[in-house]
Amino acid sequence: MIIRPVFAELVEEAEKRGCPLSEIILEREEREHAVPRRELWDKMRDYWQTMSQAVMEGVQAGKKSLSGLIGDEAFQLKKYAESGSALGGRTTTLAAARAMGVGTVSVSMGKIVAAPTAGSCGILPAVLLTAAEQTGAGEDRIIGGLFTAAGIGRIIDDTVSTSGASAGCQAECGAASCMAAAAAVEIAGGTPAQAAHAGAIALKSILGLVCDPVAGLVEIPCIKRNAMGAANALLAADMAMAGIESRIPIDEVIGAMKEIGDLMPGSLRETAQAGLANTPTARAIERQIFGTE
Ligand code: SF4
């Protein structure tokens, strides 16, 4: 599928001017919405405060989703990350725990920022906080990263969708992972081109992921997919920072995502008719919660 190279234009402009992607995206937002930069920045800072609060809250013990299907998993993983035994290392495991934690806050009716959706809300805050801790970046760099993430999210939303009902989980956890990977590179001081490669690598790795929530609730497998999306984003960011490039440019990856989304049957787009939602265990859970299938 051929789409206009929208993201490539942003990268080209940023590289030409020697500024981060977030600067270009912020300027465009200012122009399009006629809102002063200070106001946009302050709004994004408010979002970040909500996100970081959800990260802190989500990894506490004693959480329960409304259905009772999700509980202390984020807390368990955080404890394990801090034990020093994590096979994937403390940083990635802690990021995964944080992503699950924010998802848990969401399903227990806490306050989150849907970035891009409530189902995938854990990936971006978990990755940004972790990248900032790793690099010593302050809040302004995080907020800059959020503008870069928002810029990519907007392109995906305009080109495909950021809804599992439209294009599967690739459009929720895939988009979030793509946004987070690019933002993490910016936070780490990478170039706009590296940010684009990171986003492309992250999204390529989640292409085709269907939306098949058990009992139609945004809990299983969503919470664990947030963990995987965060780990995927960090690895994609590290690949790009190591100088590895995506052979398929990000705009074309987004085009492929649209093609796959269009081909995806309705049964795998949030309707809980197929996939994990149609396994014997999932159907038993559904009966247990709702009394019927
Ligand atoms: S499985 Fe569906 S509901 Fe769950 S996070 Fe993915 S897109 Fe959202």
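Q: How should the site of the ligand be read in this particular structure?
A: If you check the shell around the ligand, you find G119, S120, G164, C169, E172, C173, C211, P213, V218, C222, R225 and E270 and nothing else. Of the residues that constitute the shell around the ligand, the class distribution is six nonpolar, three polar and three charged.

Q: Whenever I open this one, the nonpolar core confuses me. Can you help?
A: If you look at soluble globular proteins, the nonpolar side chains tend to sit buried side by side. By size, the foremost hydrophobic cluster in this structure holds 100 residues, and its most contacted members are V127, A180, A181, A184 and A230. Broken down by element, this core gets its largest block of residues, 12 residues, from helix α9 (residues 173-187). Among residues more than four places away in sequence, those in contact with A230 are A95, A96, A99, G122, I123, A126, V127 and A180.

Q: What exactly am I supposed to notice about helix α4 (residues 73-82) here?
A: Two residues of an α-helix separated by three or four positions point the same way, owing to the 3.6 residues in each turn. Those residues of α4 that fall on the buried side of the exposure criterion are A74, L77, K78 and A81. Relative to the axis of α4, the buried residues are bounded by an arc of 105 degrees and lie together on one face. On its buried face, α4 sits against α3 (37-58) and α5 (90-107). With its phi angle positive at about 85 degrees, G84 sits one or two positions after the end of α4.

Q: Where do I start with unusual backbone geometry in this structure?
A: Leaving glycine out, the prevailing phi sign among residues is negative, and the prevailing peptide bond configuration is trans. The peptide bond linking A115 to P116 adopts the cis configuration, its omega dihedral lying at 5 degrees. Turning to its location among the elements, P116 is positioned in the loop between α5 and α6 (123-135). Geometrically, the link from I220 to P221 is a cis peptide bond, its omega value of 10 degrees lying close to zero. Of note, P221 is situated in the loop between α10 (192-204) and α11 (222-241).

What counts as what
- Residues numbered from 1 in each chain as written.
- Predicted model: local features only at pLDDT ≥ 70, side-chain atom pairs only at ≥ 80, totals over all residues.
- Near = placed C-beta within 6 Å.
- Nonpolar A, V, L, I, M, F, W, Y, C, P; charged D, E, K, R; others polar.
- Core = buried A, V, L, I, M, F, W, Y, C linked by C-beta atoms within 7 Å.
- Buried ≥ 20, exposed ≤ 12 C-beta atoms within 10 Å, placed from the backbone.
- Helix = DSSP H or I, 4+ residues; strand = E, 2+ residues; numbered from the N terminus.
- Contact = placed C-beta atoms within 7 Å.
- Arc of directions from axis to C-beta.

The analysis is restricted to geometry; functional conclusions fall outside its scope.
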